[in-house]
Each structure stands twice: as C-alpha cells, then as structure tokens.
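Chain and residue survey
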Amino acid sequence: MNFDFSDDQKMMRDSARKFLGDRSSLKVVRQALESDATYDKALWAGIAEMGWLGTAVPEEFGGVGLGHLELCMIAEEMGRALAPVPFASSVYLATEALLMAGSDAQKKAWLPKLVTGAIGTMAVSEGTGSPKISNTHVRVTNGTLNGVKWPVADGADCDLLIVLARGGDDRLSLYLVDARGKGVESEILKTMDPTRSAAKLKFTDAPAELLGVAGQGLELVQAINDHAAVLLAFEQVGGAQASLEMAKEFAMQRVTFGRLIASYQAIKHKLADMYVATELARSNAYYGAWALSTGSSELPVAAAAARISAIDAFHLSSKENLQTHGGMGFTWAGDCHLFYRRAKWLAHVIGTNRFWKERLISQLERKNAA
Amino acid sequence: MDFNDTPEEAAFRAEVRSWLEANAPRKQNANESMRGRHSEAELLVMAKKWQAKKAEARYAQITWPKEYGGRGGTPMQQVIYNQEEANFLVAGGFFAIGLGMCIPTLMRYGSEADRQRYVGPALKGDEIWCQLFSEPSAGSDVAGLKTRAERDGDGWVINGQKVWTSGAHYSNFGIIITRTDPNVPKHKGLTMFYLDMKTPGVEVRPIRQVSGESGFNEVFFTDVRIPDSQRLGAVGEGWQVSLTTLMHERLAVGDSPGPDFDELFELTKMLELEDGPAIKNSAVREKLADFYVRGQGLKFTKFRTMTALSRGQVPGPEASIAKVVSASKLQDIASFGMELMEAGGIIQDKDLSPAAGLFQHAYLYAPGLRIAGGTDEILRNIIAERVLGLPGDIRVDKDLPFNQLKAGA
Ligand SMILES: Cc1cc2nc3c(=O)[nH]c(=O)nc-3n(C[C@H](O)[C@H](O)[C@H](O)COP(=O)(O)OP(=O)(O)OC[C@H]3O[C@@H](n4cnc5c(N)ncnc54)[C@H](O)[C@@H]3O)c2cc1C
C-alpha cells in the first residue's frame, strides 16, 4: 500500500507554503479584510506567474500539464494561508467546468486566459435555498441571457461566467457568458468573510453560449462540484491545521492559575479533538484526491465524504481555536476570526454539509443497488 | 406543580401589561428589535428615557427595596415583568451590568452615603456602571490581576490596566478590583473600589470585536487618585467582595439573546431545499427537535431555579448550566440557520438575508458569549467541582505570595 503523495508532489506543497508564507501572510489577509478591494491583485498576479492556475490544465491550452494531485497540494496551502484570491472560483470551478464540458473551441478560447490570470466563476444560486429548476428563473432565449443571480463568488471581478439557466426548452443548462461583454451588471455584496467577495449579477440580454449538453445543467453542476469538493477539502484541511497550530501555540504560552492552559485537560482534549477531526478529514481528502486523479467511479462517494469531513474539521478547529484564545479570540484585531469566517465561507460555496450528507447516502444507495 | 399565574401574579401581569400598553409600542413580530436600526448613541438616549419611565413606575428593579426605588417585589414579579416587556419595542441592555452586578455590590459594601448618592441615578438610567475586573493576564484567573492601588495619605493611587470592560466607553462609574498587597497570596492582597470614569488618569480605548461592534474596551489607569471612602469592603477583602459581584453575574448573564428555536422554525418554513420546503426535510426536522429539546430543558431548568428563588433560596452554582447551554446553542442555531440558506447564507445583508441577517450576526457574536462572564471550560469546572463535588485541579499558585509567582501567573 502506498496511500501518500509522491516526494515531488510534497516538494510542490513545500514551495507553495514558502511562496504563500511570503506573499499571503496573515498581514496580507488582514489588508483584504480591512480594505474595499475584493481580492489581492498582487498575490493573484504572483500566483498566475507561478503557473498554479494551470496546474491541471493540459499544455496545449497553456497549462502546466500536471494533475489533480499536484493541485491538491497547492489547495492545502491556499487554505492554510487563507489566500484572499479567487483561486477556488477560477481554478476548481470555472477551469474544471471547461475541462469537463467545454468544446475544443471553448477550451481554446478560455483556458489560455484563465491560466494566465483571467478570472472565471460559476453563477448557480438565485438567492437563498438550494438551486433547482423551480428556483431558477434566469433564462436564455435566442442566445441571450436575462435575470439575476446571487451570490456569485468573485462575481464582480470575473472575466468568464458559467451560468445555470433555463433554455428555450425550459430545461436547465450551463452557459458561458463573457462577464466583460455587454448586458452584465454587478453589485458587490457584504459577505461573512470579507476577504472573499461575492456579487449580485444582473443580466440584460447578455450573449450566452451553451456549455456541454443541453438540459444537463444540474448534473453538470454536480459533476463539477464533485471535483471542487475534493480540492476545497484540501483548502479546508489546510485551514483546520493552521487553526490547530495557532491554538497550540497560544495554549503553550498562556498561563492561568499558575499553569499553562495547555496543561489543562479541557484544553488538551479540545486540541486533541481538533487534531483527530483534521486527520480524518485529511485522510478522506486523500481518498478523494485518488478518486479524482484516477477518474474513478468512486468519485461521487469519495468527494462527498471528503467535503463533509473537511467542513466539520474546519468548523470545529476554527471555532475552538477562537475559544482557546479567550477574550483575545473575540477581537477584530486578533486573527482567530479570519479562520472562523473563512471556514463558514468554504462550508457554503458548493452546497452545505446538509446537502452533501444527503448526496453521500443517495450515492451509497445507488452503489449498493448496482 | 402549576404553571398558571396565582391570582396575585395574574393581577400583577394585567397591571404590567396595561402600563406597557400605555407607555410603549408593541412589537410587530417577536424578532423586531431596535438594534441594527439605530446607532449605539441613539439607542443609549432611547434606553435612558425608557429606564427613567420604568423607574418612575417602580418597574426598574422590582425586587429591590422600596427605599432604593424598587418595588419590594418578588423574583416572580420580575420574571413576569420581563416576559411582558419582551413583547414591546423598547431599548435596553445598557444597565444590566450596573444594576445586575455593580450596584448590588455597592449596596452591600458601600456606605449609607454611597447608597443615597448612587443607587437612584443608576436605577433611573442617568448613570451607567461598568465592571473593571479582567486584565490582559487575568481573565478566568481574575485573582492574578496586577493593577496596583497604593496608599497615599488618606486616599489611594491606582496604576495599571483593565481589559474587555463592556460599556466602559459610555459608563459614568465602575467598580474596580486592585492589588493592594503583593506580599501575600494572590486572593488575599486584593481590594475593591468604585470610581468615576472621568477621574484624571483614566483612559478608555474601545476594542473592536469579531462581530464588528466595539462593545468592550481597554481601560488604562495612570496615577489615578481616589479617596478611601470609595473603597468597597475591607482592605485585602477584595476577593470576597468580587464573589458577591460574580454571584450576581451568574444570575444576570445566562441568557444568550439572538435567534432561537422559534426563529429557526420560521426560517425552515420559508426556505426551499432541493426536495421541497426545509420544514418537510427529515434531517432538518431532526435538528429542529434537538434544538427544541435543548431550549425547553433550559427553560424548565430556569423555572426550577425561579421556584427556588421565590422560596427565598439563593441560586447555587447550578445556575452555570444556563450559559454553558445557551451560548453554544446560539452558535449552533446560527450556523444551522445559515446552512439552510445554502450559498445565500454567506451574505450578510439586511435586505437580502432572511430575518434581516439575524443568523449571520449571531454567528459572529456567539463566540463572545462562550467567553464572557466565565468561559465554557471554567463553567464546566464549576459544575464538576462545586455541583458534583469532584476534586479541583492541583493549584501551584494559591498559597505563594503573589510577588513570588512566575510571571504571568
Ligand atoms: C464579550 C465580552 C465581554 C466581557 N465583558 C467584561 C466586563 O465587562 N468586565 C470584565 O471584567 N471582563 C469582561 N470580559 C472578560 C471575560 O470575563 C474574560 O475574557 C474571561 O473570563 C476569560 O478570560 P481570558 O480572556 O483572560 O481568557 P483565559 O482565562 O486566558 O482563557 C483562555 C482559554 O483557557 C481556558 N482556561 C483557562 N483556565 C482554565 C482552567 N483552569 N481549566 C480549563 N480551561 C481553562 C479558557 O476556558 C479559555 O478557553 C468580557 C469578555 C468578553 C468576550
């Protein structure tokens, strides 16, 4: 058995950690928190220069031609560093969507741009609740799109939009929309994690082009989300790990009643629980990475397990890290809430835990019946 | 057992209700609140007005003796009043620390002149009090505090720093616990005072909290001179005095304001999930049931505490249950409510977010409630040690003179 990443892949992780340690320190994340900027442009340009945006994109489309395993290594570090950039929207969603469902012409048109720093994202939800046909009012008629989508992660900054909409036949399909073209207006919304942005988008006769098979919109969204779930799980594991390390560091220097708080079992058990949750999440994420990189039919189950586990681990670690810090943890100037907020953001981006639990069991049922 | 009001209670309730009807607007819905719609400064003005009205009608502190502006009423009457007031749109919250903790301490340890001078204005909302206990290196272990008070003629000079002081920025007075003798073990060298927040040398700096507001502060003391008449309790008895304050704190906190079962239930009726309305989803129903049971368990535990109170018994450390349950429950309800909103849950927008963003806001302030007034961990220790009688942790700091303890201890 060899259930581990290769030395080369780990080297990639180490160099990503070093790069992000320099360029996406918590000071940089805090600048994103305090400023009106929707993302850190210098960091994004640096990441594009490193070639990370095209990690899993074939060379013919301008990518580096490595695979998803390498991308997982980078994702873990993006999560650890809370990088304030549209990496998930552009790389795990838009790029994966094009690779999965794009025609050769669509890939040629968009992938080389995305790989060099253009931003892509998906616009699925229309307000609160789960996306489904009765909740989807945005419509494409005669090649133009009309309606309103929110929240769209990174919607105010993107170049390319992949929109779930009703077609002329009233079925749901995905469409490519040039976000810089005509008929697209954006309004920035306040999010729970101000280091990540979202927008409300209004489409007025925006030119739209079908992506993938007509009428397969929801199925495609789910297939893309299966990929993104694994990649996001690595980000969440990175964030959970960083939260745990922060809690440990604080507990090892804070004294109450003449003792380090780290010496109290209440704190030891708390940190041990965070560790266990993070390691289980890491292992589930590894299995997801295997399924993703080998194109296994296990992916739907593996992705759901990875996502649920990772949401739980980051949720627990980020809130208990804050709790470990006592009053300090509840300050804006302290860094605990950066993790607490990001954990919530990541838990909501492609369907929440509740949604994925239902999906996990349905997938297991299906597998069992087969 | 009987949940109905006794005839006297029913009469009191009717009286309270008609007074409220005559003096305040009814809420349109249970969730309606002044917060969020007004700045803190505006709320403060409205709260002071309302407090003055209440004091005039003797509803401000129902259990306090009449001579201090109370009604000499029962704890049950106070509960009835609170239940009825909750249906009306009024501003409050600024006086809880003063009336719930500081003034009771002053009533017990202050002089008659102090009581005459301070109780009335606090009750009417003219003067607000804060609690200056915690310090950077003394929160859970508040007896580890370093702020010094040194004798100077017939007065004292205070130097040091307090932190996390709720409301210091709008408070007129505070009670402050200080170290007067570092040569004796930590609990023995403490003395309590009260002071005017405008005394020269007191500097208040607001601290922004995770939820964005600045509800608490750092307070610095540089050569602050106060007369000995502002001492509460004997020199070196500050710890015992603080226990009075903290016992009242346990009664005063405990509730965690914010979205509860009812708000979550409403939300599940509003939201559409992939398979239909959220309220029809069995996983959602199971969660709802869990929250309901936790909430009711708490409510009826409080009824038992109230019953004990109305029999004149002093509530013991078992009152710690309330905060341990309610703060985490709030965090969990807020988190789950957001989850049901799916992607839309990450937006914090009064107009777009369901319930005007109540769940999002609660998710950000709930962590503070798990820390303020005794952390979850400390409260569990209290339950284990003082309710269940389990042995305490081995203490290395208790008997050594304070100035021989390791730094930070
Ligand atoms: C919103 C808010 C309002 C506040 N308002 C006031 C106020 O008005 N006046 C005032 O004086 N103070 C106030 N406080 C301060 C509050 O009382 C302290 O923050 C709290 O007691 C914890 O102390 P600390 O922050 O120093 O954390 P610490 O005591 O350093 O605790 C750090 C961590 O260690 C844990 N820990 C500590 N000791 C033990 C132990 N023996 N066993 C197990 N675990 C332990 C704690 O649970 C916590 O997780 C407020 C705090 C908050 C968050």
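Residues numbered from 1 in each chain as written. Chains lettered and ligands numbered in written order. Predicted model: local features only at pLDDT ≥ 70, side-chain atom pairs only at ≥ 80, totals over all residues. Heavy atoms only, no water.

Some words on the overall build of chain B
So the rule is basically this: Under the DSSP-based scheme used, a helix requires at least four consecutive residues in state H or I and a strand at least two consecutive residues in state E, with every element numbered from the N terminus. When accessible area is computed with a 1.4 Å probe and restricted to protein chains, residues below 20% of their type maximum are described as buried, those above 50% as exposed, and intermediate ones as partly exposed. The criterion used for residue contact is that any of the two residues' heavy atoms lie within 4.5 Å. The accessible surface values rely on the Shrake-Rupley method and a 1.4 Å probe; as for residues, cover is taken only from the protein chains in view. His is not counted, nor are the chain ends, whereas Lys and Arg count as positive and Asp and Glu as negative. Lysine's charge is taken at NZ, arginine's at CZ, aspartate's at CG and glutamate's at CD.
Per the secondary structure count, chain B includes 11 helices and 10 strands. The principal-axis extent of the C-alpha atoms belonging to chain B is close to 75 × 50 × 45 Å. Per-residue burial for chain B yields a buried fraction of 50% across its 409 residues. Taking all contacts inside chain B whose residues are at least 6 apart in sequence as the whole, residues at least 24 apart take part in 72%. Split by element, the accessible area of chain B, about 18700 Å² in all, is 53% carbon and sulfur. Between the mean site of the 48 positive side-chain charges and the mean site of the 53 negative ones, chain B shows a separation of 3 Å.

Details of the overall build of chain A
Applicable threshold: Radius of gyration means the value over C-alpha atoms here, while the globule rule gives 2.2 Å times the residue count to the 0.38 power.
Along chain A, the regular secondary structure elements total 11 helices and 9 strands. For 370 residues, the compact-globule estimate of 2.2 N^0.38 gives 21 Å, and chain A sits close to it at 20 Å. Considering chain A as a whole, with its 370 residues, one finds that 63% of them fall into the buried category. Within chain A, contacts between residues at least 6 apart in sequence are counted, and of these 74% link residues at least 24 apart. Accessible surface for chain A amounts to roughly 14000 Å². Of this, 54% is attributable to carbon and sulfur atoms.

Let's talk about the interface of chain B and chain A
Worth spelling out the cut-off: In this description, buried area is defined as the sum, over both parts, of the accessible area (probe of 1.4 Å) that is lost when the two are combined. Should a side-chain nitrogen of Lys or Arg be within 4 Å of a carboxyl oxygen of Asp or Glu, the pair is scored as a salt bridge. Under the rule applied, a polar contact is a pair of N or O atoms within 3.5 Å (in protein, one hydrogen donor and one hydrogen acceptor; residues adjacent in sequence only if both atoms are side-chain atoms). Each residue is assigned to one class: nonpolar for Ala, Val, Leu, Ile, Met, Phe, Trp, Tyr, Cys and Pro, charged for Asp, Glu, Lys and Arg, and polar for all the others, Gly among them.
The interface is formed by 59 residues belonging to chain B together with 48 residues belonging to chain A. Considering only the side of chain B, the residues that lose the most area to chain A are B:Val210, B:Glu342 and B:Ile346, jointly responsible for 16% of the buried surface there. Across the chain B-chain A interface, the total number found is 5 salt bridges. In this structure, A:Arg354 engages B:Glu342 in a salt bridge whose closest nitrogen and oxygen atoms are separated by 2.9 Å. At the junction of chain B with chain A, the criterion picks out 26 residue pairs in polar contact (both at pLDDT 80 or more). At the level of secondary structure, the elements contributing two or more residues to the side of chain B that touches chain A comprise β9 (272–273), α9 (320–340), α10 (358–369) and α11 (376–387) of chain B. It is α10(B) that provides the largest number of residues to the side of chain B that touches chain A, a total of 6 residues. For the side of chain B that touches chain A, the class distribution of residues is 26 nonpolar, 17 polar and 16 charged.

Quick notes on the pattern of salt bridges
One side chain can pair with another of opposite charge once the charged atoms of both are near each other. Tallied over the entire structure, the rule returns 48 salt bridges over all chains. Where B:Arg370 meets B:Asp376, a salt bridge forms, and the shortest distance between an N and an O atom there is 2.7 Å. Of the residues examined, B:Asp376 reaches a relative accessible area of 0% and is grouped as buried. Through salt bridges with shared partners, one network takes in A:Lys270, A:Lys319, A:Glu320, B:Arg370, B:Asp376 and B:Glu377.

Observations regarding the nonpolar core
Rules: Only buried residues count toward a nonpolar core. Its members are Ala, Val, Leu, Ile, Met, Phe, Trp, Tyr and Cys residues joined through side-chain atoms within 4.5 Å.
In terms of nonpolar packing, the biggest core is built from 150 residues, with A:Ile47, A:Phe87, A:Leu145, A:Leu161 and A:Phe234 touching the most fellow members. Sorting elements by how many residues they give to this core places helix α7 (residues 217–251) of chain A first, with 14 residues. Setting aside anything within four residues of it in sequence, one finds A:Ile47 in contact with A:Phe19, A:Leu20, A:Trp52, A:Leu53, A:Met78, A:Val85 and A:Phe87. Counting 37 residues, the second largest nonpolar core, distinct from the first, contains B:Ala55, B:Ala91, B:Phe133 and B:Val142.

Focus: the packing of aromatic side chains
Rule in force here: Only the six-membered ring of Trp is used, alongside the rings of Phe and Tyr, when aromatic pairs are assigned; centres must lie within 6.5 Å, and planes under 30 degrees apart are stacked while those over 60 apart are edge-to-face, with the rest tilted.
For the structure shown, the criterion picks out 28 aromatic pairs over all chains. Ring centres of A:Phe330 and B:Phe216 lie 6.1 Å apart, and the angle between their planes is 90°; this geometry places the pair in the edge-to-face category. Within this pair, whereas A:Phe330 is found in the loop between α9 (299–324) and α10 (336–348), its partner B:Phe216 is found in strand β7 (residues 216–227), the two belonging to separate chains. By relative accessible area, which is 8% here, B:Phe216 ends up buried.

So, the side chain of B:Lys54
Looking at the secondary structure, you find B:Lys54 in helix α2 (residues 40–56). Leave out the neighbours within four places in its chain, and B:Lys54 touches B:Trp19, B:Tyr59, B:Ala60, B:Tyr81 and B:Glu85.

Topic: the domain arrangement of chain A
All names here are of chain A. Stated precisely, the cut-off is as follows: Domain boundaries shown here were taken from an automatic or database domain assignment.
We note that the domain assignment places domain 1 (7–115), domain 2 (120–216) and domain 3 (218–369) within chain A. Between the C-alpha centres of domain 1 and domain 3 there is a distance of 20 Å. Both sides together, the interface formed by domain 1 and domain 3 hides about 2400 Å², and carbon and sulfur atoms give 70% of it. Its largest share of buried area at the contact with domain 3, domain 1 owes to Arg30, Arg80 and Leu82, together 23% of the area lost on that side. Counting across the interface, domain 1 meets domain 3 through 3 salt bridges. Glutamate 245 is the partner of arginine 80 in a salt bridge, and the nearest nitrogen-oxygen pair spans 3.0 Å.

Structural notes on the domain arrangement of chain B
Residues and elements named next belong to chain B. Looking at the assigned domains, one finds that chain B contains domain 1 (7–94), domain 2 (129–249) and domain 3 (254–374). The straight-line distance from the C-alpha centre of domain 1 to that of domain 3 is 24 Å. Tallying the contact residues gives 5 residues for domain 1 and 5 residues for domain 3. For the pairing of domain 1 and domain 3, the buried interface totals around 500 Å² over both sides, and the portion due to carbon and sulfur atoms is 71%.

Some remarks on α10(B)
Inclusion rule: Helices are assigned an expected span. That span is 1.5 Å times one less than the residue count.
The end-to-end C-alpha distance of α10(B) is 16 Å, a good match for the 16 Å that 12 residues give at a rise of 1.5 Å each. All buried positions along α10(B) are accounted for by B:Phe359, B:Gln360, B:Ala362, B:Tyr363, B:Leu364, B:Tyr365, B:Ala366, B:Pro367 and B:Gly368.

Comments concerning the pairing of strand β3 (residues 144–153) of chain A
The side chains of a regular strand alternate, first on one face of the sheet and then on the other. Residues and elements named next belong to chain A. Here is the rule we go by: By the convention used here, strands pair only if DSSP detects at least 2 bridges between them.
For strand β2 (residues 139–141) and β3, the ladder comprises 3 bridges, and the chain directions are antiparallel. The residue of β3 that forms the bridge with threonine 141 is threonine 144. Counting the residues between successive antiparallel strands, the hairpin from β2 to β3 contains 2 residues, one of them, asparagine 142, with a positive phi of roughly 50°. Of the pairings in the sheet, the one linking β3 to strand β7 (residues 198–211) comprises 7 bridges and is antiparallel in character. Bridging from a neighbouring strand, valine 152 pairs with alanine 199 of β7.

So, the site of the ligand
To keep it simple, the criterion reads: Proximity criterion: a residue is near a molecule or strand once any of its heavy atoms comes within 4 Å of it.
As a matter of local geometry, the ligand sits amid 29 residues, with A:Arg254, A:Gly327, B:Ser140, B:Trp164 and B:Thr375 nearest to it. What surrounds the ligand is not a single chain but chains A and B. Contacts to the ligand include A:Arg254, whose side-chain N or O atom sits 2.6 Å from an oxygen atom. Measuring from a nitrogen atom of the ligand, one finds a side-chain N or O atom of A:Thr256 at 3.0 Å. When contributions to the shell around the ligand are tallied by element, the ones reaching two or more residues are α8 (265–294) and α9 of chain A together with β3 (155–166) and α11 of chain B. Tallied by class, residues from the shell around the ligand come to 12 nonpolar, 15 polar and 2 charged.

Examining unusual backbone geometry
Between A:Trp150 and the following residue, A:Pro151, the backbone shows a cis peptide bond with an omega angle of -10°. Along the chain, the position of A:Pro151 falls in strand β3. The backbone phi angle of B:Trp164 is positive, close to 65°, even though this residue is not glycine. Mapped onto the secondary structure, B:Trp164 falls in strand β3. For B:Trp164, a relative accessible area of 21% corresponds to the partly exposed category.

Section: the environment of A:Ala83
All names here are of chain A. Along the polypeptide, alanine 83 turns up in the loop between α4 (68–81) and α5 (87–101). Spatially, the C-alpha atom of alanine 83 lies 9.0 Å from that of arginine 23, the residues being 60 residues apart in sequence. Beyond its immediate sequence surroundings of up to four residues, alanine 83 is in contact with Ser24, Leu43, Met78, Arg196 and Arg342.

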